[in-house]
Amino acid sequence: MQKYSIFSLVKNAFSNHENWDLAWKDPTPKNEYDVVIIGGGGHGLATAYYLAKEHNITNVAIIEKGWIGGGNVGRNTTIIRSNYMHDDNALFSEFGMDLWRKMSQDLNYNVMFSPRGIINLAHSDAQMNVYARRGNSMRLNGIDAVLLNREQVKEIIPMADFSENVRFPIFGGLMQPSAGTARHDAVAWGYARQADSMGVDIIQNCEVIGFDVSSGKIQGVRTSRGNIKAKKIGLCVAGSTNILAEKLNMTLPIETHLLQACVSEPVKPVLDKVVTFGAGHFYISQSDKGEMVMGGDLDGYNSYAQRGNLPTLQHVLTEGIAMMPFLSKLKMLRTWGGIMDMSMDGSPIIDKTHIEGLYLNCGWCYGGFKATPASGWTFAHTIAQDRVHELNAGYNLNRFNTGHLLDEKGLGTKTWIS
Amino acid sequence: MLHIKCPHCGMRSQNEFSYGGDASVKRPELGKEVTDEEWNNFVYNRKSLRGKHWELWQHLSGCRQWIKVERDTATHEIFNTLKANEEIS
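With that settled, consider the overall build of chain A. Of the regular secondary structure elements, chain A holds 10 helices and 18 strands. In summary, chain A has a C-alpha radius of gyration of 22 Å against a globular reference of 22 Å for 418 residues, a match within 12%. Seen through its principal axes, chain A has C-alpha atoms that stretch 70 × 65 × 40 Å. Partitioning the intrachain contacts of chain A with sequence separation of at least 6 by distance along the chain shows that 74% fall at a separation of at least 24. Entry remark: accessible area of chain A is about 17500 Å², with carbon and sulfur atoms responsible for 51%.

Below you can see the structure in the form of structure tokens.
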């Protein structure tokens, strides 16, 4: 594989950039693989990369119904953080933060990781207490957390609404300085390019039609491009998890829901942090191109539409304007939607299943993008070793049976309905 | 914007309704021995498929009645609505 560097850039400039290698090949599927990963999104591509890199398993195919990176890895708001209170979430996410910091070097691909910090705003004394508790839990797990008072927040984000008599006054906030953003498409492309270079087949336009299971063991997958035998199969299909689960006669604690995001027209640099509204569900950051990148609540009903509906957008942007009134002056540039695999306790599932050789990676809710490297790393371990790693032990499927829910928000079942 | 025909009030905008999830889910019979698996299925496990889906909505800013709606989860087309006590045929 051609290494990307200043030297290769200069060298290729002499031939008008016409002789670059393809970043990944377009192979026809073989009859059999050691591992087939279904889903060519961030998590699937990362899983294949870590299977090859960490476990030396390279007879691997990724099969993708559309094109790689066309789902949620290309549709998110690029936020990366590990500001969780519960140990299982905190340790998993912080392990991921380490992978993010090294990712551009590791993949020889600039993923534009920008650890600009995230601030969760608090709008009451009670919320400040909750944030103090969460911040302390984070620090006990080795994650950076700073509790800010109103004046400190005002110094960092003066454009937020600090006027008197507002409905949701800003009391302060919890900041994780090491959190940030990254270029989401580059993450997919970087993993794809490296996985391909180590021998992984990336097979696009290949839809799963069914599975071959006999005597409780996975034998292969039937696709629109022929049958493929596989010793092990991993599902990484986010919002389409239920569609594949039905083909396997499984019913999962997952519902598929629609989440929208939007960007404004580009403006000059105004916001150098990720900020979340504490009295509702709204988050914002500014992209390198100057667009304000915003998102918030689900549309609220089961959906596979991958496109949004106006009432939710209006609701989300009303919160945004309550938090930062200048947003009302901006024109909207684009809105879009993606379909989320909402788990019943708000935490993901990375586990083996009752079918031998079939592995499950789903339930990422709103937080799939930031988990990309840690999810790929632990899922690769789970597949290669046929046992979960201690980092994803808490993300087991059986927790819904036993009652050991990983309920970060403390809201109980169907956390998104509140 | 979805337009939902409330069986009590007629056609109204989505803004008047709140969502209540899969309407085909049945609570295990009271007074009967319930296994962990049955309870787990009732509380957590959902088919949530692409295509036609019977679901509960509440006409929260209208008559406040719960209703059943048959809607396509991919196209958002609404085929049918029923009162809460009417059986899905």
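From this point, things continue past the structure.
Our focus in this paragraph is the environment of Ile 119 of chain A. Residue and element names in this part refer to chain A. Examined against the element boundaries, Ile 119 turns out to sit in strand β4 (residues 118-122). Overall, Ile 119 belongs to the buried group, its relative accessible area being 0%. Counting along the chain gives 156 residues from Ile 119 to Val 275, while the straight-line C-alpha distance between them is 4.8 Å. Not counting residues within four places of it along the chain, the set of residues in contact with Ile 119 comprises Leu 148, Ile 156, Gly 173, Leu 174, Met 175, Lys 273, Val 274, Val 275 and Thr 276.

Turning to the confidence of the model for chain B, a few remarks are in order. All names here are of chain B. With 100% of its residues at a pLDDT of 70 or more, chain B shows a mean pLDDT of 94. Within chain B, the element-level pLDDT minimum falls on helix α1 (residues 36-43), averaging 90, and the maximum on strand β5 (residues 66-72), averaging 98. Among the prediction metrics, the complex's ipTM stands at 0.95, with pTM recorded as 0.96.

A word on the pairing of strand β14 (residues 282-286) of chain A. Sheet faces and side chains relate simply in a regular strand, where the side chains alternate between the two faces. Residues and elements named next belong to chain A. Within β14, five of the five residues are buried, which leaves the element mostly enclosed by the surrounding structure. Both faces of β14 are covered, namely the face carrying Phe 282, Ile 284 and Gln 286 and the face carrying Tyr 283 and Ser 285. As defined by bridge partners, strand β13 (residues 274-277) adjoins β14 across three bridges and the pair is classed as antiparallel. Counted as the bridge partner of Phe 277 is Phe 282 from β14. Pairing of β14 with strand β15 (residues 292-302), which is carried by five bridges, proceeds in the antiparallel orientation. For Gln 286, the partnering residue across the bridge sits in β15 and is Met 292. Linking β14 to β15, which pair antiparallel, is a turn of five residues; within it Gly 290 sits at a positive phi near 100°.

Counting across every chain of the model gives 17 aromatic pairs over all chains. Seen in terms of ring centroids, Phe 92 of chain A and Tyr 395 of chain A are 4.9 Å apart; in terms of plane orientation they differ by 70°. Their pairing is edge-to-face. Separated by 303 residues along the polypeptide, Phe 92 of chain A in helix α3 (residues 87-107) and Tyr 395 of chain A in the loop between α9 (372-385) and α10 (399-402) bring together distant segments of the chain. On the basis of relative accessible area, Phe 92 of chain A is assigned to the buried category, the value being 2%. Classification of Tyr 395 of chain A by relative accessible area gives buried; the value is 3%. For the ring pair Phe 400 of chain A and Tyr 44 of chain B, a centre distance of 5.3 Å and an interplane angle of 65° mean the geometry is edge-to-face.

We now examine the environment of Gly 300 of chain A. Its location among the elements puts Gly 300 of chain A in strand β15. Separated by 160 residues in the primary sequence, Gly 300 of chain A and Leu 140 of chain A have C-alpha atoms spaced 35 Å apart. Look past the residues within four positions of Gly 300 of chain A in its chain and what remains in contact with it is His 257 of chain A together with Tyr 19 of chain B.

Residues and elements named next belong to chain A. For the pair α3 and α9, interaxial distance at closest approach is 7 Å and the crossing angle is 110°. Viewed along their axes, α3 and α9 adopt a mutual orientation that is roughly perpendicular. Contacts between α3 and α9 involve Phe 92, Phe 95, Gly 96, Leu 99, Trp 100 and Met 103 on the former and, on the latter, Thr 372, Pro 373, Ala 374, Ser 375, Trp 377 and Thr 378. Of the residues in the contact of α3 with α9, the class split is eight nonpolar, four polar and no charged.

For the rest of this paragraph, the subject is the environment of Lys 289 of chain A. Tracing the chain through its elements places Lys 289 of chain A in the loop between β14 and β15. Linking Lys 289 of chain A and Pro 269 of chain A, residues 20 residues apart in sequence, is a C-alpha distance of 9.0 Å.

Calculation notes
Residues numbered from 1 in each chain as written. Chains lettered and ligands numbered in written order. Predicted model: local features only at pLDDT ≥ 70, side-chain atom pairs only at ≥ 80, totals over all residues. Heavy atoms only, no water. Helix = DSSP H or I, 4+ residues; strand = E, 2+ residues; numbered from the N terminus. Rg over C-alpha atoms; globule rule 2.2 N^0.38 Å. Contact = heavy atoms within 4.5 Å. Areas by Shrake-Rupley, 256 points an atom, 1.4 Å probe, with all protein chains shown as cover. Buried < 20%, exposed > 50% of the residue type's maximum accessible area, 1.4 Å probe, protein only. pLDDT = per-residue confidence, 0-100. Pairing = 2+ DSSP bridges. Phe/Tyr/Trp six-rings, centres within 6.5 Å; stacked < 30°, edge-to-face > 60°. Axes fitted to C-alpha atoms, helices over the stretch in contact; angles between N-to-C directions. Parallel < 35°, antiparallel > 145°, perpendicular 65-115°, else oblique. Nonpolar A, V, L, I, M, F, W, Y, C, P; charged D, E, K, R; others polar.

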